[in-house]
Amino acid sequence: MMTNPTGRITQGQFSFLPDLTDAEIALQLDYGLRRGFAWSIEYTDDPHPRNTYWEMYGMPMFDLQDPAGLMVELRACRASFPQHYIRLMAFDSTRGVESIAMSFIVNRPAREPGFMLERQEVDGRSMRATIRGYAAERPEGERYGD
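Here goes a summary of the coordinates provided.

Calculation rules
Residues numbered from 1 in each chain as written. Predicted model: local features only at pLDDT ≥ 70, side-chain atom pairs only at ≥ 80, totals over all residues. Heavy atoms only, no water. Salt bridge = Lys/Arg side-chain N within 4 Å of Asp/Glu carboxyl O. Helix = DSSP H or I, 4+ residues; strand = E, 2+ residues; numbered from the N terminus. Buried < 20%, exposed > 50% of the residue type's maximum accessible area, 1.4 Å probe, protein only. Pairing = 2+ DSSP bridges. Axes fitted to C-alpha atoms, helices over the stretch in contact; angles between N-to-C directions. Contact = heavy atoms within 4.5 Å.

Points about the pattern of salt bridges
Logical step 1: Scanning the entire structure with this criterion turns up 4 salt bridges.
Logical step 2: Two residues, Arg34 and Asp30, come together in a salt bridge whose shortest N-O distance is 3.1 Å. Of the two residues, Arg34 and Asp30 both sit in helix α1 (residues 22-34), 4 residues apart, roughly one turn of that helix.
Logical step 3: Arg34 sits in the exposed class, given a relative accessible area of 56%.
Logical step 4: Relative accessible area serves as the criterion here: at 27%, Asp30 is assigned to the partly exposed category.
Logical step 5: The shortest N-O distance in the salt bridge between Glu42 and Arg87 comes to 2.8 Å. Note that Glu42 is positioned in strand β1 (residues 38-44) and Arg87 in strand β3 (residues 85-92), a separation of 45 residues in sequence.
Logical step 6: Classification of Glu42 by relative accessible area gives buried; the value is 8%.

Right, dumping it as structure tokens:
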């Protein structure tokens, strides 16, 4: 059985570690830039594991050479969406397609209500399960305000 002792959303790299500082984030950005990755910033208030399409903040930064430029954009995104999940995504285009090479969360709401596993009996003794976020009970834009 797997458990999540932190009770936090665990998506992308570094999920079980304490939140990265801005200095540590800049080091990861530099790591990706040295490998030729393009970075983008995305945010959401619906971090369901199957919700892979978060809102993009600005445009992907294909020509970025210095992590400081992305840190400026990240601070602006945090100021605009302080109670949303924000992640950084690095794309590797060396194979001729944009493949995600790195992804990690850099901002979280103050309170993360988590998810519920809903079970349903079907066809005799068979069971179906689905995951539902507690925050989804509230309307979009109001999910993490408290």
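Focus on the sheet that holds strand β2 (residues 55-61)
Logical step 1: With respect to topology, 4 strands assemble into an open sheet ordered β2-β1-β3-β4, the strand pairing being antiparallel. The two strands at the open ends of the sheet, each matched to only one other strand, are β2 and β4 (99-107). Neighbour to neighbour, the strand axes of the sheet diverge by 20 degrees on average, direction disregarded.
Logical step 2: Here α1 sits on the sheet and contacts β1, β3 and β4; the angle it forms with β4, its principal contact strand, is near 170 degrees.

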